[in-house]
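# Residue-level structural notes
Letter by letter, the chains look like this.
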Amino acid sequence: MFKTYKIKRYLDLVVIALVFIATPVLAAEISFDTKINSVAVGQQFQVSVVLNTNGEEINAVEGKIIFPSDLLKLKEIRDANSIVSFWVDKPKLESDGQIAFSGIIPGGYQGQRGLLLTLIFVSRKEGQGTIELQNAKTLLNDGNGTEAVLSITPYQFTISQAVSASSTPLVVSPIIDKEPPESFVPEIGQNSTISGGKWFLVFATQDKGLGVDHYEVKETRQRIFGVFAKWVTAESPYPYVLQDQELRSYIFVKAVDKAGNVRIEEISPQNPLSWYENYENWLIIILGLAILYAIKKLLWRRYLKK
Amino acid sequence: MKKISIFIHQFFLLFFLFPVVVLASSTNGTIDAVYKYAWSEKAGWINFGCANCNVHITDSGLTGYAWSENYGWINLNPTNSGVKNNSEGTLSGYAWGENLGWINFSGVSIDSNGNFSGIATGDNTSQISFNCANCQVKTDWRPQSARTTTTPTPTVSVGGGGSYIAPQTAVSFSGRAYPGSKVTLLKDAQIAASVLADPNAAFSISLSGLSSGDFLFSLYSEDSSGRRSSLIIYPINVTSGATVSMTGIFIAPTIAIDKSEVKKGENVAIFGQSVPQADITIAVNSDEEFYNKVLADANGAYLYNFDTSQLDMGQHYTKSKAAKDGAISSFSKAVSFLVSTKTVLAQPPTKCPSKADLNSDCRVNLVDFSIAAYWYKRAVSADFKKLEAEKLNGDGKVNLIDFSIMAFYWTG
């Protein structure tokens, strides 16, 4: 009985030792999460890039996703519902078969399934390939930017012959996005190191459906006639140097998501125009006087007729 | 016809939204990858999170095995017994160790942060401690009362005309901070709301008008001296038309010290603020970790004079946590001090973050991020080089490390 226990215990120890040797201790892990690893030519499939912090608190992440562009065509990059709050490098196709990204998670993230981004591919031709991550880093939320131990699990796939014309092609189901991007508060800032200390605007928001497509900014000193002012495309999170450095304008920031839904936020002027400086007020006064004059004229004619 | 339509709509809402939806890991928890060891004088380290342990914590009890380096496997759910849970984290019942016999888990509990505490007693093991100096066992299971729940927002219908108020998509957070303190809620790292805690340190804060999707909410508070707690992060999936409620939040105490360098043998004052009349545990690290207890006063303030004669020369860290009415906070930020041959007073506490505040407005937010982003992958100017040396990591360029420092000091 004792002998059996001893053998069992040694076996357990060997198993445990093997498991510990095979697995890096306390390594955060970035992996590619997908339901399939075999598709046919012409089919679409979705790959989510997921962070498992393995008990660590991670607040910054970067890397370069490499995929075989002869086998796969990148259809779309989605960053909606990402744990990354602000992108330093918004994920984009940098060159053929390479997607670079970097961003931060203020306060840090600790969890097993933190979504970084989602990629949608279309398979081009038969073959076998791997999607992998290079130059990846995850940094600890320790105030020093210490690099965490990171393990990466590449994704291997097989593309088989095209399905017959009569069968339904596999397509990643589209997301129905009817909600605008989240509300946000644009802020005005100033720093001697940016454009010689000029006032600038910063803004950022998230869209939980398909993600934010772009931002536009409008500055206008007139509230009513501002509708005719032009929207200018702007990029987040970079400072947008304001045209009106006297800060006398209404500022509107428009966030447009990939489905075309729009959220507009407004900042009132910090140094508003005096009433007599705003030509809108003079126009209203002149219009009012003109109406009074017209009424007077009308009444005068009627009076004269009688 | 319109009335029937409203009735069907409400019927649907009642049936599909009323069942309480709970996050999976908080109801079926596993053991933390780091904090997994308990200690027994006789059996040595007992690992609850080993490769083959497969420990699961549910509202009814524990399953799986713990591993004792000296005595082998301990079955947490043996036939005819097992470790039970009353769904609020109070454990009872017996585990079976193949070489240890029965182990009684009465006296062990799991707090709202998933930390095990207390002592299990065995026939042969003497005692297994879950709260000794270097041992800690932690799970992502949470007591029912401290759990993230999703409940429907009440809908209101008005008779006659048959009007209908659409359910709100919202989140709410409640718990304890510091008496009269400002509690700030960030939504995806931007300030979304703030509220003042009452004199008993209780607060409640909510946010509506959200889209459905995954959010990272975070909370922090500032004590009466302007010291900030660390951010507590809540990744939450919000469902359309439902309100997610987080209750039982216990913000960690603030902490400060009166000396940055202290002559060995002199006292260092460790102080801060928490909940009124809370039991404060102050940990000071050394080769041996020291734990000291002090009671917070009616304003939640605490002060402990720590005798440094028991510490070695060199750098040391201290942190604190609070306990009240069975709830325990997580540990505060750690602050460091040096034990040496002279005494240097610490800088008085300041409301401004010590790093990453590039525009010196005492906040670290999107404006600072934007300034750093401007210089990312560019040759930095002489002006910015000075700023980078003072507020970031001082390597003369902007890279991910600088953004990580910023993310750590983030205030929104």
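Residues numbered from 1 in each chain as written. Chains lettered and ligands numbered in written order. Predicted model: local features only at pLDDT ≥ 70, side-chain atom pairs only at ≥ 80, totals over all residues.

## Let's talk about the overall build of chain B
Of the regular secondary structure elements, chain B holds 5 helices and 34 strands. By residue count, 43% of the 412 residues in chain B fall in the buried class. Residue pairs at least 24 apart in sequence account for 57% of intrachain contacts in chain B once pairs closer than 6 positions are excluded. (Helix = DSSP H or I, 4+ residues; strand = E, 2+ residues; numbered from the N terminus. Buried ≥ 20, exposed ≤ 12 C-beta atoms within 10 Å, placed from the backbone. Contact = placed C-beta atoms within 7 Å.)

## Things to note about the overall build of chain A
Assigned secondary structure in chain A consists of 2 helices and 18 strands. Relative to its full complement of 306 residues, chain A shows a buried share of 31%.

## Let's talk about the interface of chain B and chain A
Each partner contributes to the interface: chain B provides 44 residues, whereas chain A provides 50 residues. Contributing elements (two or more residues each) for the side of chain B that touches chain A: β2 (31-40), β22 (213-222), β23 (232-238), α3 (366-375), α4 (382-391) and α5 (400-408) of chain B. Looking at side-chain class alone, the side of chain B that touches chain A contains 27 nonpolar, 13 polar and 4 charged residues. (Nonpolar A, V, L, I, M, F, W, Y, C, P; charged D, E, K, R; others polar.)

## Some points on the domain arrangement of chain B
Once the domains are mapped, chain B shows domain 1 (24-145), domain 2 (165-250), domain 3 (256-345) and domain 4 (366-408). Summarising the inter-unit geometry, the C-alpha centres of domain 3 of chain B and domain 4 of chain B are found 33 Å apart. (Domains from an automatic or database assignment.)

## Notes on the sheet that holds strand β2 (residues 38-40) of chain A
Residue and element names in this part refer to chain A. Pairing is mixed in the open sheet, where 6 strands are placed in the order β2-β11-β9-β4-β7-β6. Lying at the two open borders of the sheet, with one neighbouring strand each, are β2 and β6 (86-95). Mean inter-strand twist for the sheet, computed between neighbouring axes without regard to direction, equals 20 degrees. Here strand β4 (residues 58-66) runs beside strand β7 (residues 98-109); their pairing, made up of 8 bridges, is antiparallel. Bridging across to β7, K64 finds its partner in A100. (Pairing = 2+ DSSP bridges. Axes fitted to C-alpha atoms, helices over the stretch in contact; angles between N-to-C directions.)

## Overview of the packing of α3 of chain B against α5 of chain B
Residues and elements named next belong to chain B. Where α3 meets α5, the axes come as close as 11 Å, and the angle between the chain directions of the two elements is 175 degrees. On the basis of their axis angle, the class for α3 and α5 is roughly antiparallel. Residue-level contacts link D368, F369 and A372 of α3 to D402, F403 and M406 of α5. Here the residues of the contact of α3 with α5 sort into 4 nonpolar, no polar and 2 charged. (Parallel < 35°, antiparallel > 145°, perpendicular 65-115°, else oblique.)

## Here's the deal with the nonpolar core
With 127 residues, the main nonpolar core has I58 of chain A together with A372 and M406 of chain B as its most contacted residues. Ranked by residue count, the leading element in this core is α3 of chain B, at 8 residues. In contact with I58 of chain A, other than residues within four places in its own chain, are A28, L51, T53, I105, G108, Y109, T138, L139, L140, N141 and A148 of chain A. Residues A38, I57, A66 and L76 of chain B belong to the second largest nonpolar core, which totals 33 residues. (Core = buried A, V, L, I, M, F, W, Y, C linked by C-beta atoms within 7 Å.)

## Here's the deal with the domain arrangement of chain A
The figure often quoted for interface size is the accessible area lost as the parts come together. One can read the domain layout of chain A as domain 1 (24-160), domain 2 (187-273) and domain 3 (276-306). The C-alpha-based centres of domain 2 of chain A and domain 3 of chain A are spaced at 38 Å.

## Remarks on the environment of I291 of chain A
All names here are of chain A. Secondary-structure assignment places I291 in helix α2 (residues 279-305). Among the residues examined, I291 registers 10 C-beta atoms within 10 Å and is labelled exposed. Sequence spacing of I291 and G107 is 184 residues, and the spatial spacing of their C-alpha atoms is 61 Å.

## Remarks on α4 of chain B
Spacing of three or four residues puts side chains on the same side of an α-helix, whose turn is 3.6 residues. Residue and element names in this part refer to chain B. Looking only at α4, the buried set comprises F384, L387, E388 and K391. Buried residues along α4 cover an arc of 100 degrees about the axis, so they all sit on one side. Projecting away from the buried face of α4 at angles above 90 degrees are the exposed residues A382, A389 and E390. Lining the buried residues of α4 we find α3. (Arc of directions from axis to C-beta.)

## As for unusual backbone geometry
The omega torsion of the bond from S236 of chain A to P237 of chain A falls at 10 degrees, within 30 degrees of zero and hence cis. By the element assignment, P237 of chain A lies in the loop between β15 (232-234) and β16 (240-241).

## Overview of the pairing of strand β33 (residues 335-340) of chain B
A regular strand carries its side chains on alternate faces of the sheet. Residues and elements named next belong to chain B. Across 3 bridges, the pairing between strand β26 (residues 259-263) and β33 is parallel. The partner of K263 across the bridge, within β33, is S340. Alignment of strand β31 (residues 314-324) against β33, held across 5 bridges, turns out to be antiparallel. Across the sheet, H316 pairs through a bridge with F337, a residue of β33.

## Overview of the confidence of the model for chain A
Residue and element names in this part refer to chain A. On average, residues of chain A score 87 in pLDDT, and 87% of them reach the 70 mark or higher. Highest mean pLDDT in chain A belongs to β4 (98); lowest belongs to helix α1 (residues 2-22) (47). In this model residues 13-24 is a low-confidence stretch, pLDDT under 50, and it forms 8 contacts with partners more than four residues away in sequence or in other chains. (pLDDT = per-residue confidence, 0-100.)

## Focus on the confidence of the model for chain B
Residue and element names in this part refer to chain B. Within chain B, residue pLDDT values average 85, and 88% of them lie at 70 or more. Considering only residues more than four positions removed or in separate chains, one finds that residues 1-24, a stretch of pLDDT under 50, has 24 contacts. Scored as a whole, the predicted complex attains pTM 0.70, and scored at its interfaces, ipTM 0.84.

## Considerations on α3 of chain B
Of all 10 residues making up α3 of chain B, 10 are buried, and the element is well covered by its neighbours. Residues of α3 of chain B that are buried in the fold lie against β6, β12 (187-190) and β13 (199-202) of chain A together with β20 (190-196), α4 and α5 of chain B. Phi turns positive one or two residues past the end of α3 of chain B, at K377 of chain B, with a value near 60 degrees.

## Some remarks on the sheet that holds β16 of chain A
Within a beta sheet, neighbouring strands are joined by backbone hydrogen bonds and run either parallel or antiparallel to one another. A sheet is described by the order of its strands in space; here 3 strands give the open sequence β12-β13-β16 (chain A), paired in antiparallel fashion. Among the strands making up the open sheet, the edge pair consists of β12 and β16 of chain A. Contacting β12 and β13 of chain A, α3 of chain B runs over the sheet at an angle of about 55 degrees to β12 of chain A.

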